[in-house]
Amino acid sequence: EKGGYEHYMRKEIHEQPSALRQTLAGRLDVDGGDVDLDVSFPPGFLADLEEIRIVACGTSYYAGRYAAQLFEELAGVRATVEIASEYEFGAGRTPDRTLVVAVTQSGETADTLGAIRRANAAGARTFAVTNTLGSTVTREVDGTAFIRAGPEIGVAATKTFASQVATLAMLAVAVGRDRGALSAADARSVLKDLQGLPGAVQQVLDEENQVREAAREYQDSEAFFFVGRALGVPVALEGALKLKEISYDHAEGFAAGELKHGPLALVTPDTPVLAVLTEGARADETMNNVTEAQTRGAPALGCVSAGEEYDTLDVSFDVPDVGIVEPLAANVYLQLFAYHVANEKGRAIDKPRNLAKSVTVE
Ligand code: M6R
């Protein structure tokens, strides 16, 4: 059932190109510059929309952080993301001009369901992005988009993160087109990026040996820091979460600009820094921060847009050119890195200690 793979996690990492093809299948109208997600909103709702508020936990929260930036850029609407367990409707907002979007792979996460119930109670319109047909969340929201990634068995979310972001990107295009905030030409360019994503992810997967080598070289480090800017931030946070949950090593993700505001005190020659240096992630500025860490002796590994080069990096992973979803392709390197560090250490990768696939308590 693991299809020849030693762990579900590695199988699911490798399933990403096909999972993404499923996510996108029949939904992209590239020529027309639009998407068909089969979702509908009351007339005028999107035009009058004041704010999109995403609620989610863990990896899904990071997918939400990626998506919020896309909603602002593509749909021209204020978008915020909250950790579901912290979410309150709050003051100064208009319920009937607010869309609360739950991002949840399982559709059963108690914290996320709690947030949706608070949003419903406040009178907001609610929406779910989930992998699971018939899940509880789908019964509690006004509309749903399925990510269609297929079942995910490993506790560590991998292919569902990519499919969540891809689905949310399509939703951002749909909302942007409906609101007149996104031109057909700009939509087309985003849809082309999305169309190129499965192939780009495959190219990253083909580089697995390079990642395995890097994992072997750095696996015994004291701690690992992940940095990025803009769309690179959620990917850095997700990279750190993946590594800590399956390897049990100390890993933290930061906005690269924050390194110098505190975390730099932790940086030593024994703390590699992994950086997202792609399009959409303000690579040159991020690299300046990476250099600050290198000056303190830290090794630096970077996921770099194909064709670009930062020759001071100790390890450089090539990320194919896929525009706005390039950081998502970079994330696949970080998934493989986490996997191989954990595998070298013989960890229980599919069932890390203390964790459950679906967290049904608040
Ligand atoms: O099912 P959900 O997406 O609501 O789960 C939320 C988190 O528990 C989940 O993303 C968790 O952080 C991942 N399994 C970590 O890899």
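So, here is what we can say about the structure in this document. The structure displayed is predicted, hence computed values, not measured ones.

This next bit is on a negative patch on the surface. On the surface, Asp29, Asp31, Asp36 and Asp38 cluster together into a negatively charged patch. Looking at the secondary structure, you find aspartate 36 in the loop between β2 (34-35) and β3 (51-56).

Around the ligand sit 13 residues, and of these Ser60, Thr104, Ser106, Thr109 and Glu245 come closest. One nitrogen or oxygen atom from the side chain of threonine 104 is found 2.6 Å from an oxygen atom belonging to the ligand. Here an oxygen atom of the ligand sits 2.7 Å away from a polar atom, N or O, in the side chain of serine 106. Out of a free accessible area of 410 Å², the ligand has 91% covered by protein chains. Among the detected pockets, the ligand sits in the largest pocket. Those elements that place two or more of their residues in the shell around the ligand are α3 (58-75) and α9 (232-247). Among the elements that make up the shell around the ligand, the one with the highest residue count is α3 (3 residues). Counted by class, the shell around the ligand contains 4 nonpolar, 7 polar and 2 charged residues.

Attention shifts here to the layout of surface pockets. If you add up the space inside the largest pocket, you get close to 620 Å³. Considering the residues around the largest pocket, the lining is formed by 26 residues, among which Cys57, Gly58, Thr59, Lys357 and Val359 are closest to the centre. For the lining of the largest pocket, the elements supplying multiple residues, two or more each, are α3, β5 (98-104), α4 (110-122), α6 (159-178) and α9. Counting residues per element, the lining of the largest pocket draws most heavily on α9, at 4 residues. Within the lining of the largest pocket, the residues separate by chemical class into 9 nonpolar, 11 polar and 6 charged. Roughly 190 Å³ of internal volume is contained in the second largest pocket. Lining the second largest pocket are 17 residues, with Val39, Ser40, Phe41, Leu46 and Asp178 positioned closest to its centre. Contributions of two or more residues to the lining of the second largest pocket are made by β2 and α6. Of all the elements, α6 adds the most residues to the lining of the second largest pocket, at 4 residues.

The rules behind these values
- Residues numbered from 1 in each chain as written.
- Predicted model: local features only at pLDDT ≥ 70, side-chain atom pairs only at ≥ 80, totals over all residues.
- Heavy atoms only, no water.
- Patch = residues over 30% accessible without salt bridge, like charges linked within 9 Å, V, L, I, M, F, W, Y side chains within 5 Å.
- Areas by Shrake-Rupley, 256 points an atom, 1.4 Å probe, with all protein chains shown as cover.
- Salt bridge = Lys/Arg side-chain N within 4 Å of Asp/Glu carboxyl O.
- Lys, Arg positive; Asp, Glu negative; His and termini not counted.
- Charge placed at Lys NZ, Arg CZ, Asp CG, Glu CD.
- Helix = DSSP H or I, 4+ residues; strand = E, 2+ residues; numbered from the N terminus.
- Near = heavy atom within 4 Å.
- Polar contact = N/O pair within 3.5 Å; in protein donor to acceptor, adjacent residues only side chain to side chain.
- 1 Å grid on protein atoms, 1.4 Å probe; cavity = no way out; pocket = protein on both sides within 12 Å on 5 of 7 lines; lining within 4 Å.
- Sits in = over half its atoms within 2 Å of the grid points.
- Nonpolar A, V, L, I, M, F, W, Y, C, P; charged D, E, K, R; others polar.
- Points joined across faces, edges and corners; volume = space filled by probe spheres on them.

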